[in-house]
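Breakdown of the fold
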Amino acid sequence: MTPTPCTDLSAADWLTNSDLPWAQLVTLGPAGFPAYARLRFIPDPVYAGQSENDVELDGDHPSERTPLHDALALLTPHTTTPNDWYVAYWDGWGAEMFPPPVLKAPIVRVPNRDCFLLRGHAANLFAAKTWPGYPHVTMPGRPAFVWPADRAWCVTADVDPHWAGIGADRAAINEILEAAHLDAVPASPGEEQPHYW
């Protein structure tokens, strides 16, 4: 089932009611997972004050959608609800990035990040460049949050970091870390993470 906008926002209560500092919540997700990782879209900075504009990438470097899609494919077997996911998109991407049904949906209010919440099977959503059924509406580059209905894991991809955060059980995180086609490293919530200026 293609993800559809949620009118009942209670599935996002674990985000909206979190007492974590907002920067930790939007980059590594809710507390309580046994393990965390950072899925890097570009390498970490190599010197203090480095700008993302100073990073030289190969011509065949994948877009953010590719590693995100691949990581979610690896996470799918690590949930009892593989066809029932929640996806939250930051509304700050702009109205032109969302089809009318999404724009009309209620907003999930996470500190400093208002989001549209969708529910459904989202495994292939992040490989698509346009919204299903709306071929002229380009999708945002990354979702703010993705989690299965059983909350077995959570992926965050805030707009500022050069990476996505993943919280899950150790087996799922180990699989992400060991995937040769992904650039992932362990992460510790509460510690400052590498960032560009």
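Here is a short report on the structure shown in this document. Not measured: the values here are computed from a predicted model.

Looking at the packing of aromatic side chains
- Applying the stated criterion to the full structure yields 10 aromatic pairs.
- Judged by centre distance (5.8 Å) and plane angle (65°), the rings of Trp-14 and Trp-147 are edge-to-face. Taken as a pair, Trp-14 in helix 1 (residues 13–16) and Trp-147 in strand 8 (residues 145–148) lie far apart in primary sequence, 133 residues in all.
- For Trp-14, a relative accessible area of 16% gives the class buried.
- Counting every residue linked through ring pairs, the aromatic cluster contains Trp-14, Phe-33, Tyr-36, Tyr-86 and Trp-147.
- A cation over an aromatic ring shows up here: Arg-38 above the ring of Trp-163, its NZ or CZ 5.4 Å from the ring centre.
- Its end group placed over the ring of Trp-90, Arg-113 keeps NZ or CZ at 5.5 Å from the ring centre.

Digging into the side chain of Gln-24
- Mapping Gln-24 onto the fold places it in helix 2 (residues 22–28).
- In this structure, Gln-24 is in contact with Gly-29, Pro-189 and Gly-190, ignoring residues within four places of it in sequence.

With respect to the layout of surface pockets
- Reported here for the largest pocket is a volume of approximately 370 Å³.
- In terms of lining, the largest pocket is formed by 21 residues, of which the most central are Ala-23, Thr-27, Pro-161, Trp-163 and Gln-193.
- With 6 residues, helix 2 is the largest single contributor of residues to the lining of the largest pocket.
- Of the residues in the lining of the largest pocket, the class split is 10 nonpolar, 6 polar and 5 charged.
- Volume-wise, the second largest pocket comes out at about 170 Å³.

Quick word on empty space enclosed by the protein
- Tallying each qualifying case throughout the model produces 1 cavity of 30 Å³ or more.
- Here the largest cavity defines a volume of roughly 30 Å³.
- In this structure, the largest cavity is lined by Trp-90, Trp-93, Arg-113, Arg-142, Pro-143, Ala-144, Ala-157, Asp-158 and Val-159.
- For the lining of the largest cavity, the per-class residue count stands at 6 nonpolar, no polar and 3 charged.

Section: the pattern of salt bridges
- Summed over all chains, the structure comprises 8 salt bridges.
- Here Arg-40 and Asp-44 are joined by a salt bridge, their closest N and O atoms 2.9 Å apart.
- Since its relative accessible area comes to 16%, Asp-44 is described here as buried.
- Linking Arg-113 and Asp-158 is a salt bridge whose minimum nitrogen-to-oxygen distance equals 2.7 Å.

About the criteria used
Residues numbered from 1 in each chain as written. Predicted model: local features only at pLDDT ≥ 70, side-chain atom pairs only at ≥ 80, totals over all residues. Heavy atoms only, no water. Phe/Tyr/Trp six-rings, centres within 6.5 Å; stacked < 30°, edge-to-face > 60°. Helix = DSSP H or I, 4+ residues; strand = E, 2+ residues; numbered from the N terminus. Buried < 20%, exposed > 50% of the residue type's maximum accessible area, 1.4 Å probe, protein only. Lys NZ or Arg CZ within 6 Å of the ring centre and 35° of its normal. Contact = heavy atoms within 4.5 Å. 1 Å grid on protein atoms, 1.4 Å probe; cavity = no way out; pocket = protein on both sides within 12 Å on 5 of 7 lines; lining within 4 Å. Points joined across faces, edges and corners; volume = space filled by probe spheres on them. Nonpolar A, V, L, I, M, F, W, Y, C, P; charged D, E, K, R; others polar. Salt bridge = Lys/Arg side-chain N within 4 Å of Asp/Glu carboxyl O.

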